[in-house]
Amino acid sequence: MIYFTPGPTKLHKSVPKYINLALKNKLLSKSHRGSDFHIMYEETEHELRKLLNIPQSHLLFFISSATEAMERIIQNTVYEKSEHFINGAFSEKFFKIALNLGKKAVPHSVEFGNFITPVSFAGPKRSETACFTHNETSSGVSLDLQELYKYKNKYPDKLIALDIVSSVPYVEVNFSNLDCIFFSIQKGFGLPSGLGVLVISPRAFEKSLYIEKKGKSVGSYHKFSELKRYSDRKETPETPNILALFLLGKISKELNKIGLKKIRKEIDQKADSLYNILPKTKLFSPFIKDIKHRSKTVIVIETAVNSKNIIDTLKSAGIMIGSGYKEYKEKHLRIANFPQHSLNDYKKLAKYLIEISHS
Ligand SMILES: *Cc1c(COP(=O)(O)O)cnc(C)c1O
């Protein structure tokens with residue numbers, strides 16, 4: 001079965017090899033305060049920084065998930081007021097987390113499937129952190145990062161948080177322009193779930209110290225100051241997901257060897273190959289009409305018939321794709337296009353979609 005679901009999804013082909021290596025090295029029995037762990041942590045951090053071009057000025061923390069990153073960002077960078085640019089389920093989740101933490105969270109919403117032009121929203125006064133989702137996995141719409149940098153230039157005092165969960169490592173982020181960037185590893189890295197990565201700017205870190213000093217809660221074991229204290233010595237406050245940390249380092253190293261330039265080109269090719277066949281079918285059309293904001297990594301297709309039938313037919317052919325999100329469950333197909341999905345996987349998928357639409 002080939003998994004094109006948006007995550008968990010198809011694993012990177014080398015995952016079994018590296019799981020075996022971790023077992024062979026007894027890595028999973030060794031202390032997370034010992035030197036073998038430190039070496040492994042350092043390698044993972046090094047490969048990841050190299051792959052994504054993360055500047056040394058920014059701190060890198062390992063946490064449990066992207067959802068956790070949302071909570072940590074709100075706790076540690078928002079004293080009172082945050083802003084949320086909402087165009088789907090994941091940006092909405094970020095907003096709800098801020099509300100749950102008792103912050104004055106201000107939503108800027110557009111209709112599901114629409115793209116966001118950040119500067120067109122006049123922010124509330126004294127908002128501290130503005131939260132964005134680069135790739136809305138629920139609708140397949142992308143944020144134009146140039147528009148985000150324009151927003152940052154217009155409001156240089158605000159901290160900018162960016163969710164890149166379903167576009168990493170395809171997305172090319174200028175980390176120096178942003179303050180809190182995060183993702184988890186069960187999507188574009190093709191790894192088992194259970195690890196999140198949070199990258200923060202010096203300003204975001206200082207903000208968390210300020211809030212802490214003011215006596216407001218910034219969390220406990222995963223507050224920024226504690227995460228930094230441990231990451232400085234290549235550890236995490238808790239016993240982490242050692243296997244996932246190890247796998248992330250090894251897969252990042254492989255991706256570094258191939259080079260992101262090549263990987264990005266292949267993702268473009270695969271996306272084009274799928275989008276291009278849609279007009280030739282009677283049943284399918286892209287949900288996002290605006291090409292510039294149409295995701296390359298999560299392809300959302302509108303179906304003229306109940307999407308459940310399409311999904312079931314594909315399943316019997318050994319292909320697993322995602323249904324639509326919530327109320328679009330039976331109207332959409334969602335298809336992941338990550339580095340671990342090969343051109344051949346995509347050819348096979350395209351062939352079946354054409355067959356189904358002619359039968
Ligand atoms: C999957 C996803 C998340 C949640 O990731 P977890 O690892 O489950 O916390 C957040 N944002 C986006 C855009 C996602 O696609």
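You'll find the structure just up there.
The sections below set out a description of the structure shown in this document. All values derive from a computational prediction rather than experimental measurement. (Residues numbered from 1 in each chain as written. Predicted model: local features only at pLDDT ≥ 70, side-chain atom pairs only at ≥ 80, totals over all residues. Heavy atoms only, no water.)

In terms of helices and strands, the protein carries 11 helices and 15 strands. Radius of gyration (C-alpha) of the protein: 21 Å, near the 21 Å computed for a compact globule of 359 residues. Judged by the C-alpha coordinates and their principal axes, the protein covers about 65 × 55 × 30 Å. Burial statistics for the protein: of 359 residues in total, 58% are counted as buried. (Helix = DSSP H or I, 4+ residues; strand = E, 2+ residues; numbered from the N terminus. Rg over C-alpha atoms; globule rule 2.2 N^0.38 Å. Buried < 20%, exposed > 50% of the residue type's maximum accessible area, 1.4 Å probe, protein only.)

Time to look at the environment of V197. Looking at where V197 falls in the secondary structure, it is placed in strand β10 (residues 196-200). Of the residues examined, V197 reaches a relative accessible area of 0% and is grouped as buried. Sequence separation between V197 and I63 is 134 residues; the distance between their C-alpha atoms is 6.0 Å. Leave out the neighbours within four places in its chain, and V197 touches L48, L60, F61, F62, I63, I181, F182, F183 and L248. (Contact = heavy atoms within 4.5 Å.)

With that settled, the discussion passes to the site of the ligand. In the vicinity of the ligand lie 14 residues, with T67, T137, D163, S184 and K187 positioned nearest. Within the side chain of T137, an N or O atom sits 2.4 Å from an oxygen atom of the ligand. Between the ligand and Q186 there is a distance of 2.9 Å, counted from an oxygen atom to a side-chain nitrogen or oxygen. Look at the ligand: alone it shows 390 Å² of surface, and the protein chains cover 88% of it. No other element matches the 3 residues that helix α3 (residues 66-77) contributes to the shell around the ligand. Its residues assigned to classes, the shell around the ligand comprises 4 nonpolar, 8 polar and 2 charged. (Near = heavy atom within 4 Å. Polar contact = N/O pair within 3.5 Å; in protein donor to acceptor, adjacent residues only side chain to side chain. Areas by Shrake-Rupley, 256 points an atom, 1.4 Å probe, with all protein chains shown as cover. Nonpolar A, V, L, I, M, F, W, Y, C, P; charged D, E, K, R; others polar.)

Right, let's get into unusual backbone geometry. With omega at 0°, the peptide bond leading from G7 into P8 counts as cis. Looking at the secondary structure, you find P8 in the loop between β1 (2-3) and α1 (15-24). Backbone geometry places K26, a non-glycine residue, at a positive phi of 60°. Within the element layout of this structure, K26 appears in the loop between α1 and α2 (35-52). The exposed category is assigned to K26, whose relative accessible area is 52%. Backbone geometry places R126, a non-glycine residue, at a positive phi of 55°. Along the polypeptide, R126 turns up in the loop between β4 (104-109) and β5 (129-133). Classification of R126 by relative accessible area gives exposed; the value is 72%.

Before going further, it helps to spend a moment on the sheet that holds strand β12 (residues 298-303). On the basis of which strands lie adjacent, the open sheet formed by 4 strands has the order β11-β12-β15-β14 and antiparallel pairing. At either margin of the open sheet sits one strand with a lone partner, and together these are β11 (284-286) and β14 (322-323). The sheet strands contacting helix α10 (residues 307-316) are β11, β12, β14 and β15 (332-336), and the helix crosses β15 at an angle near 40°. (Pairing = 2+ DSSP bridges. Axes fitted to C-alpha atoms, helices over the stretch in contact; angles between N-to-C directions.)

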